[in-house]
Amino acid sequence: LPGVHLPAQAGDERGLLPARSQSGGSGQHPAPRHGGMTVRATKMHGLGNDFMLLDLVTQPFEPSPAQIQAWSDRHTGIGFDQLLAIEPPTDPHADFRYRIFNADGSEAEHCGNGARCAALFIAARGLSPKRSLVLQLTRGTIRVTHLEDGQVEVEMGEPSTAPESLPFIADA
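Rules used in this analysis
Residues numbered from 1 in each chain as written. Predicted model: local features only at pLDDT ≥ 70, side-chain atom pairs only at ≥ 80, totals over all residues. Heavy atoms only, no water. Salt bridge = Lys/Arg side-chain N within 4 Å of Asp/Glu carboxyl O. Helix = DSSP H or I, 4+ residues; strand = E, 2+ residues; numbered from the N terminus. Buried < 20%, exposed > 50% of the residue type's maximum accessible area, 1.4 Å probe, protein only. Lys, Arg positive; Asp, Glu negative; His and termini not counted. Polar contact = N/O pair within 3.5 Å; in protein donor to acceptor, adjacent residues only side chain to side chain. Contact = heavy atoms within 4.5 Å. 1 Å grid on protein atoms, 1.4 Å probe; cavity = no way out; pocket = protein on both sides within 12 Å on 5 of 7 lines; lining within 4 Å. Points joined across faces, edges and corners; volume = space filled by probe spheres on them. Nonpolar A, V, L, I, M, F, W, Y, C, P; charged D, E, K, R; others polar. pLDDT = per-residue confidence, 0-100. Expected span 1.5 Å × (residues − 1). Core = buried A, V, L, I, M, F, W, Y, C linked by side-chain atoms within 4.5 Å.

**Structural notes on the pattern of salt bridges**
Counting across every chain of the model gives ten salt bridges. A salt bridge links E148 to R131, with the nearest nitrogen and oxygen atoms 3.4 Å apart. Here E148, found in the loop between β8 (141-146) and β9 (152-155), pairs with R131, found in the loop between α2 (112-124) and β7 (132-136); they are 17 residues apart in sequence, far enough to count as distant. Exposure remark for R131: the relative accessible area of 43% places this residue in the partly exposed category. Taken together, the salt bridges that share partners define one network made up of E62, E87, R97, R99 and E107.

See below:
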């Protein structure tokens, strides 16, 4: 998986990310001046959704909502539907923490297509030799498994249709 180097200054709310390389494709970007750091990222897509993935296991970094918004912009940033962050787990039963950020910087709870990309990303980066992984979400865990044919299976658990579990507010 080719990587894209994103300049990102810790604590910088402006999201210092140049648009794209002059050829229009992904490429390396220079680190920002004045003590900035470079964050390595990968762009992937799955069934119509495109993602930017960050390995935050080997490069600790906390993207701000403003940085995510700047990076997600399709005209001035890399452009993506969601940012997927792979981090060390806080749950002792999980292999990794899998965080999903929408283009507006808010955190989402689930993304099945993103989970498939996250599993491929973890394998390609050599973060785990396991064929089956438990990923910690904002609420709960999911299991992703690499199949013999190269595809990834995602076990997202039983859906809940209980009204109190649905993020929906209706006028009475």
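Right, picking up where we left off after that structure.
**Topic: unusual backbone geometry**
A positive phi angle, near 50°, is found at L47, a position not held by glycine. Within the secondary structure, L47 sits in the loop between β2 (37-46) and β3 (49-55).

**Overview of the side chain of D55**
Here D55 lies in strand β3. In this structure, D55 is buried with no salt-bridge partner, the nearest side chain bearing the opposite charge being R125 at 5.4 Å. Polar contacts involving the side chain of D55 include one to the main-chain amide nitrogen of V57, which spans 2.9 Å. Not counting residues within four places of it along the chain, the set of residues in contact with D55 comprises R40, I86, F121 and L127.

**So, the layout of surface pockets**
Size it by volume and the largest pocket reaches roughly 310 Å³. In terms of lining, the largest pocket is formed by 14 residues, of which the most central are E109, H110, R139, E158 and S160. Looking at the lining of the largest pocket, its residues break down into five nonpolar, six polar and three charged.

**Side note on the confidence of the model for the chain**
When pLDDT is averaged across the chain, the result is 79; 76% of the residues are at 70 or more. Here residues 1-35 is a poorly scored stretch, pLDDT under 50, and it has 93 contacts once near neighbours within four places are set aside; other chains count.

**Some words on α2**
Over its 13 residues, α2 runs 19 Å from end to end, which matches the ideal 18 Å to within 8%, given 1.5 Å per residue. The complete set of buried residues in α2 reads N113, G114, A115, C117, A118, A119, F121 and I122. G126, located one to two residues past α2, shows a positive phi value of around 70°.

**What about the nonpolar core?**
Counting residues in each nonpolar core, the largest one holds 23 residues, and the members touching the most others are I86, Y98, L135 and V144. Those elements that place two or more of their residues in this core are β3, β4 (82-87), β5 (96-102), α2, β7 and β8. A per-element tally of this core places α2 first, with six residues. Discounting residues that sit within four places of it in the chain, Y98 has contacts with L84, A85, I86, C111, G114, A115, A118, L135, Q136, L137 and I142. Of all hydrophobic cores here, the second largest spans 13 residues; its members include A41, L54, L56 and L83.

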